[in-house]
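What the coordinates show
Now for the letters of each chain:
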Amino acid sequence: MINAERVGVRFQFDRHRRVVTPKASRFRPAATTTWGLRGVSFAASAGEGIALVGRSGSGKTTMLRTLAGVYVPDEGRLRVHRPVASLLAVDAGLLALLTGSENALLLGVLGGLSRRESKRALDAVKERSGLGDAFEYPVSAYSQGMCARLGFAVAEELEPRVLLLDEVHEALDHEFRAIVQERARTLIGTGGVVVATGHDHPLLEQLCDRAIYLDNGTVAADGPFRDVQRAYLEDVRTGTHH
Amino acid sequence: MKGEIDQIVERAHDARPSGAPLRNGLRRLLRAVDLLRSLTEADLRFRYGRGPSRVIRWLLEPFALVGVYLLLITFVLDRPGLAPGLSLAAVIVPFQFLISTVGNAMDAVELRRPILLNMAFDRNLLPASCALTECASFVASLSIIVVMMAAYRIAPTVAIFWLPLVALVNVYLAVAAAYAASLLGLWLRELKPFLLSFVRALFFLSPGLVPLSQTSPEVRTLLRLNPLTGLFEAYRNIFLFGRAPAAWQLLYPIVIASAILVVFLPLYRTEQTQFAKVV
């Protein structure tokens, strides 16, 4: 389902410390280059739940964005089975001035549905999100949890084979969190893959049997959740970096 | 440093039995239309809001932008020449469309930061959607020209049938400019006001304030190098003089727009893979 071979994602900064693209760096010379990911290799088979653990800035979000196709690797090779659904930010990719239903329509089309399919799905998205009348309110009036609810409801409509969750499920209330976990487990049970990040390890462990410990953009450990968690916590305790 | 981009994404939708390439092409086209429509619709909601008031806002906005100035030219200032207010309206309306598209396109990527960072989608259509959004405003602006023609008692002639073609050339130039503006707006953020000033300067380096026929022969030759010159004269021919535009007035802007696309479209297609890093 996922096969990453020595994947690297590079960020170039100009002298004002702003990220520049490789082409822009020709006339805004890059002062520094950092690798968000470097030499990351792993494979995920059907039915796996994988937790990405690591300190803030270790590359977890970069990894998820790369799996989602938001970032394109600057080196290496990545294969990901589509469709992929992602909740990579607390705002769940919603545009603040649009209503919930307008966002749902737009995200559905961006995610690969036709307009007709996306329109037809609106009632289902409204029901699944549990937003009620707020579905027709501008998203600027939503709480983080409401955004995540809507984002997840749209993501489900895409019938993903790979689901990517970046800490956002931690912003959910307990009721919806249970729903997300149940849906994620169903996806895993039907041969899909879930990759999740977060600092709430008990929550991650409920979804994922396996974990990958990222440090400075590289894989420091990969294996059963408990083993990797232990390695990570030990490094945190001793202040070790790889 | 060697930059290798090698991402293989297997899409379930694309894995269907392909059948004919024609069918795949048609599917891709329909998908692009859906995407373009959805992005433009979202843009229009930002611009005009929702409910019945959005139609009123859509109709009145052009008058708020340039209408008052044109009324001043038409009814207050005593300017020489044939229908100076209409002459000016015939160029300001298409120019406003062009400069608004450029302004919108420069922010097109940054304004969509939330969706860019959350999911992968075809970003190649973002600038085109900016031009389409401004098209809505452009159509409403044409009502200013109708008002001006009525004010000067100038009736439309059969030349009005050239309007769709001229407008299409205008849209083509705007789309091309949008691709350039999207990239330049991202590469040179702090220079955005200067980029807009450059477009504004193009207006003053064209027969915007007076028709080309009222300029000196030497200046006329130079002004013709500006792609806006042909476009402006084409609109004036249709609305003011009631005659068909000359071939060069349409062909030259098409050539310039194509040249812009030849340079910037491949660059945009490469750079769009990096957008999520820089927003």
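The notes below deal with the structure included here. (Residues numbered from 1 in each chain as written. Chains lettered and ligands numbered in written order. Predicted model: local features only at pLDDT ≥ 70, side-chain atom pairs only at ≥ 80, totals over all residues.)

Some words on the overall build of chain A
Scanning chain A for helices and strands turns up 8 helices and 10 strands. Computed over the C-alpha atoms, the radius of gyration of chain A is 19 Å, within 12% of the 18 Å expected from 2.2 N^0.38 for a compact globule of 242 residues. The principal-axis extent of the C-alpha atoms belonging to chain A is close to 50 × 50 × 30 Å. The buried share of chain A, reckoned over its 242 residues, is 50%. Intrachain contacts of chain A at a sequence separation of at least 6 include 69% that bridge at least 24 residues. (Helix = DSSP H or I, 4+ residues; strand = E, 2+ residues; numbered from the N terminus. Rg over C-alpha atoms; globule rule 2.2 N^0.38 Å. Buried ≥ 20, exposed ≤ 12 C-beta atoms within 10 Å, placed from the backbone. Contact = placed C-beta atoms within 7 Å.)

Some remarks on the overall build of chain B
Looking only at helices and strands, chain B features 12 helices and 1 strand. When the helices and strands of chain B are listed from N to C terminus, the series reads β-α-α-α-α-α-α-α-α-α-α-α-α. Its C-alpha atoms give chain B principal-axis dimensions of about 65 × 50 × 45 Å. By residue count, 40% of the 279 residues in chain B fall in the buried class.

Quick notes on the interface of chain B and chain A
At the interface, 34 residues of chain B touch 44 residues of chain A. At the level of elements, β1 (7–10), α1 (21–48), α5 (113–118), α11 (247–271) and α12 (275–278) of chain B are the ones that each hand at least two residues to the side of chain B that touches chain A. Per-element tally for the side of chain B that touches chain A: the top contributor is α1(B), with 7 residues. Class assignment of the residues belonging to the side of chain B that touches chain A gives a composition of 17 nonpolar, 8 polar and 9 charged. (Nonpolar A, V, L, I, M, F, W, Y, C, P; charged D, E, K, R; others polar.)

Observations concerning the sheet that holds strand β7 (residues 162–166) of chain A
Residue and element names in this part refer to chain A. Spatially, 6 strands are ordered β6-β7-β8-β4-β9-β10 in an open sheet, and the strand pairing comes out mixed. The sheet is open, and its two edges are formed by β6 (84–87) and β10 (218–224), each paired on a single side. Sheet twist, expressed as the mean angle between neighbouring strand axes with direction ignored, is 15°. (Pairing = 2+ DSSP bridges. Axes fitted to C-alpha atoms, helices over the stretch in contact; angles between N-to-C directions.)

Topic: unusual backbone geometry
Across the junction of Arg82(A) and Pro83(A), the peptide omega takes the value 0°, indicating a cis bond. Among the secondary structure elements, Pro83(A) is positioned in the loop between β5 (75–81) and β6. Phi at Asn216(A) takes a positive value of approximately 50°, unusual for a residue other than glycine. Backbone geometry at Arg153(B) places phi at a positive 55°, although glycine is not the residue there.

Describing helix α10 (residues 227–241) of chain B
Residue and element names in this part refer to chain B. Here α10 spans 20 Å end to end across 15 residues, near enough to the 21 Å set by a 1.5 Å rise per residue. Judged by how many residues are buried, α10 sits mostly within the fold: 14 of 15 residues are covered. Following α10 by one or two positions, Gly-242 has its phi on the positive side, about 65°. (Expected span 1.5 Å × (residues − 1).)

Describing the nonpolar core
Formed by 143 residues in total, the largest nonpolar core has its most connected members in Leu164(A), Val194(A), Ala89(B), Ala177(B) and Ala178(B). It is helix α7 (residues 163–187) of chain B that provides the largest number of residues to this core, a total of 15 residues. Contacts of Val194(A), omitting those with residues within four sequence positions, involve Gly49(A), Leu163(A), Leu165(A), Ala184(A), Leu187(A), Ile188(A) and Leu207(A). (Core = buried A, V, L, I, M, F, W, Y, C linked by C-beta atoms within 7 Å.)

Thoughts on the packing of helix α6 (residues 126–151) of chain B against α7(B)
Residue and element names in this part refer to chain B. Contact geometry for α6 and α7: axes closest at 8 Å, N-to-C directions at 135°. One way to sum up the angle between α6 and α7 is to call them oblique. As α6 runs across α7, the sense of the crossing is right-handed. Counting all contacts with α6, which are made through Leu-126, Pro-127, Ala-128, Cys-130, Ala-131, Glu-134 and Cys-135, the residues of α7 involved are Val-171, Ala-174, Val-175, Ala-178, Tyr-179 and Ser-182. Counted by class, the contact of α6 with α7 contains 11 nonpolar, 1 polar and 1 charged residues. (Parallel < 35°, antiparallel > 145°, perpendicular 65-115°, else oblique. Left-handed = near helix turned anticlockwise from the far one by under 90°.)

Let's talk about the environment of Leu150(A)
Residues and elements named next belong to chain A. Relative to the elements of secondary structure, Leu-150 occurs in helix α5 (residues 144–157). For Leu-150, a count of 28 C-beta atoms within 10 Å translates into the label buried. Placed 15 residues apart in sequence, Leu-150 and Phe-135 show a C-alpha to C-alpha distance of 8.4 Å. Those residues in contact with Leu-150 that sit more than four places away from it in its chain are Ala-92, Leu-94, Gly-100, Asn-103, Ala-104, Ser-129 and Leu-131.

Structural notes on the packing of helix α3 (residues 84–106) of chain B against α6(B)
All names here are of chain B. At a minimum axis separation of 9 Å, α3 and α6 run at an interaxial angle of 165°. With respect to each other, α3 and α6 are oriented roughly antiparallel. α6 is crossed by α3, and the crossing has right-handed handedness.

Side note on the environment of Leu71(B)
Relative to the helices and strands, Leu71(B) resides in helix α2 (residues 53–76). In this structure, the C-alpha to C-alpha distance between Leu71(B) and Arg57(B), residues 14 residues apart in sequence, is 19 Å.

Topic: the environment of Leu163(A)
Residues and elements named next belong to chain A. Relative to the assigned elements, Leu-163 resides in strand β7. As a C-alpha pair, Leu-163 and Val-195 span 32 residues in sequence and 6.3 Å in three-dimensional space. Those residues in contact with Leu-163 that sit more than four places away from it in its chain are Ala-85, Ala-184, Leu-187, Gly-192 and Val-194.

These figures capture arrangement, not role.
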